[in-house]
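# Chains, contacts and geometry: an overview
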Amino acid sequence: MKAKVAINGYGTIGKRVADAVSAQDDMEIVGVVKTRPSFEARIAAGKGYDVYVNSKENIDSFNKSGMEVRGTIDELLDKADIVVDATPGNLGEEYKKLYQKHRVKAMWQGGEDHALAGFSFNSEANYEDALGLDFARIVSCNTTGLIRVLYPLDKKYGIRKARVTLMRRAADPGDIKKGPINALVPDPVKLPSHHGPDVNSILPDIDITSVGVKTSTTLMHLHAVNIELKETCSEDDVISLLGERPRIMLINSKDGIKSTAQVMELAKDMGRPRGDIWENIVWKDSVSFDRGELYLFQAIHQESDVVPENVDAIRAMLGLEADGGKSILKTNKALGITA
Ligand SMILES: NC(=O)c1ccc[n+]([C@@H]2O[C@H](COP(=O)([O-])OP(=O)(O)OC[C@H]3O[C@@H](n4cnc5c(N)ncnc54)[C@H](OP(=O)(O)O)[C@@H]3O)[C@@H](O)[C@H]2O)c1
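The following refers to the structure shown. If you're wondering where the values come from, they're calculated on a predicted model, not measured in any experiment. (Residues numbered from 1 in each chain as written. Predicted model: local features only at pLDDT ≥ 70, side-chain atom pairs only at ≥ 80, totals over all residues.)

## A short note on the overall build of the protein
- Along the backbone of the protein there are 13 helices and 16 strands.
- Its C-alpha atoms give the protein a radius of gyration of 20 Å, within 12% of the compact-globule value 20 Å for 339 residues.
- The principal-axis extent of the C-alpha atoms belonging to the protein is close to 65 × 45 × 40 Å.
- Here the contacts in the protein between residues at least 6 apart in sequence split such that 68% fall between residues at least 24 apart. (Helix = DSSP H or I, 4+ residues; strand = E, 2+ residues; numbered from the N terminus. Rg over C-alpha atoms; globule rule 2.2 N^0.38 Å. Contact = placed C-beta atoms within 7 Å.)

## Quick word on helix H1 (residues 12-22)
- Of all the 11 residues making up H1, 8 are buried; the element is thus mostly covered by neighbouring parts of the structure.
- Every buried residue belonging to H1 is among Ile-13, Gly-14, Lys-15, Arg-16, Val-17, Ala-18, Ala-20 and Val-21, and all of these are buried.
- Its buried side turned inward, H1 meets strand S1 (3-8), strand S2 (27-34), helix H2 (39-46), strand S5 (82-85), helix H12 (307-317) and helix H13 (324-335). (Buried ≥ 20, exposed ≤ 12 C-beta atoms within 10 Å, placed from the backbone.)

## So, the sheet that holds strand S3 (residues 51-53)
- Taken in spatial order, the 8 strands make up an open sheet running S4-S3-S2-S1-S5-S6-S8-S7, and their pairing is parallel. The open sheet has two free edges, formed respectively by strand S4 (71-72) and strand S7 (120-121), since each of these has just one partner strand.
- Taken together, the 3 bridges between strand S6 (residues 105-108) and strand S8 (residues 135-138) define a ladder with parallel strand orientation. When the bridges of S8 are listed, Ala-106 appears paired with Phe-135. (Pairing = 2+ DSSP bridges.)

## Overview of the pairing of S6
- On S6, burial covers both faces: Lys-105 and Met-107 on one face and Ala-106 and Trp-108 on the other are all buried.
- Direction of pairing for S5 relative to S6: parallel, over a ladder of 3 bridges. Counted as the bridge partner of Val-84 is Met-107 from S6.
- Once you follow S5 into helix H5 (residues 92-101) and on to S6, the crossover reads as right-handed. (Right-handed = clockwise from strand over helix to strand, strands pointing away.)

## Remarks on the site of the ligand
- Inspection of the region around the ligand gives 29 residues, with Gly-11, Thr-12, Gln-109, Gly-111 and Gln-302 positioned closest.
- For the shell around the ligand, the secondary-structure elements that each account for two or more residues are H1 and S2.
- If you tally residues by element for the shell around the ligand, the top one is H1, at 3 residues.
- Taken together, the residues of the shell around the ligand sort by class into 8 nonpolar, 15 polar and 6 charged. (Near = placed C-beta within 6 Å. Nonpolar A, V, L, I, M, F, W, Y, C, P; charged D, E, K, R; others polar.)

## Observations regarding the nonpolar core
- Grouped together as the largest cluster of nonpolar side chains are 90 residues, with contacts concentrated most on Val-5, Ile-7 and Leu-150.
- Not counting residues within four places of it along the chain, the set of residues in contact with Ile-7 comprises Gly-14, Val-17, Ala-18, Ile-29, Val-32, Val-33, Val-84 and Ala-86. (Core = buried A, V, L, I, M, F, W, Y, C linked by C-beta atoms within 7 Å.)

## Observations concerning the environment of Glu-228
- As for its position among the elements, Glu-228 is in strand S12 (residues 221-229).
- We classify Glu-228 as partly exposed; it has 15 C-beta atoms within 10 Å.
- The sequence separation of Glu-228 and Asn-252 amounts to 24 residues, and the corresponding C-alpha distance is 23 Å.
- Residues within four places of Glu-228 in sequence aside, it is in contact with Arg-160, Lys-161 and Glu-293.

This is the structure in structure tokens:
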């Protein structure tokens, strides 16, 4: 029997997780929660997802727009083994009480604090520690991208220190409310950005500091990563270690991929759903040592890189697979990730 997964918060992340869960053979979507009868709600219903509302008061607006709803979130939670909460940040605390009332396992996204779940998840770094947990949090898109690179390097060569500059997309492509539209914004002005401490919620021993700059783009984040390793290795060693990772795609600027715009074009040409790219995109020819320190650039597709991690976390928390490596490969195969 397939594990039953509910999605609360069917937006940028929630709708992608719903489709990724549906692609697996050991889990299925039992319903998604919407607050209003938007185009996303209609498309969810069209895809065959049962649509529930977050409160009784909102049923009327669905009825008036001719959309059928299956019931309220309370009814959905009673049918689910686990709920993926992808509501906008800071609703988590309130919803936690509801999930506890319905005795359903729950996982949140990076907009919530580590303390809410008490456990932060990354597939390669700590899958086995999530086995059977009731609550977990999938770290943010940037933190997920950083851990995918830092964890294997630390394991193999040891990291003495990591210093990261994150050039962050200002808003998602469908978001017309946020900016800037013509500026670069140090965010925050006073370092560190929250990403370094967030990495430490999973890899507590890594000495990391990060700074962030909001940029006038919606496509992807770009990371400039600088690492001092404990053990000596070559550029080729780093390239081969990262190339073996299940969710890192190495690209070369000589192939004409010199920007995040071309990475997005690559994703579309690969036929990826919504033009998503679930892997870290590491420029192979950016991997270099200078004065003994490692440098590289990577691009992170903020809308989708956490999606496979959500699937693995479901598998771990429900005990569907004890081996993290096997779960990663299973998720990847179902999604078509061949990195
Ligand atoms: N977007 C990213 O780049 C990104 C990357 C990684 C992690 N995250 C994290 O993922 C989480 C979700 O972010 P997102 O970007 O997916 O946000 P989003 O696009 O705004 O989607 C969230 C959805 O939640 C729904 N919602 C609003 N209030 C709700 C409520 N009270 N109850 C149930 N649903 C409600 C909204 O849909 P309706 O009101 O139409 O139902 C909205 O579309 C956040 O923690 C965020 O930090 C985001």
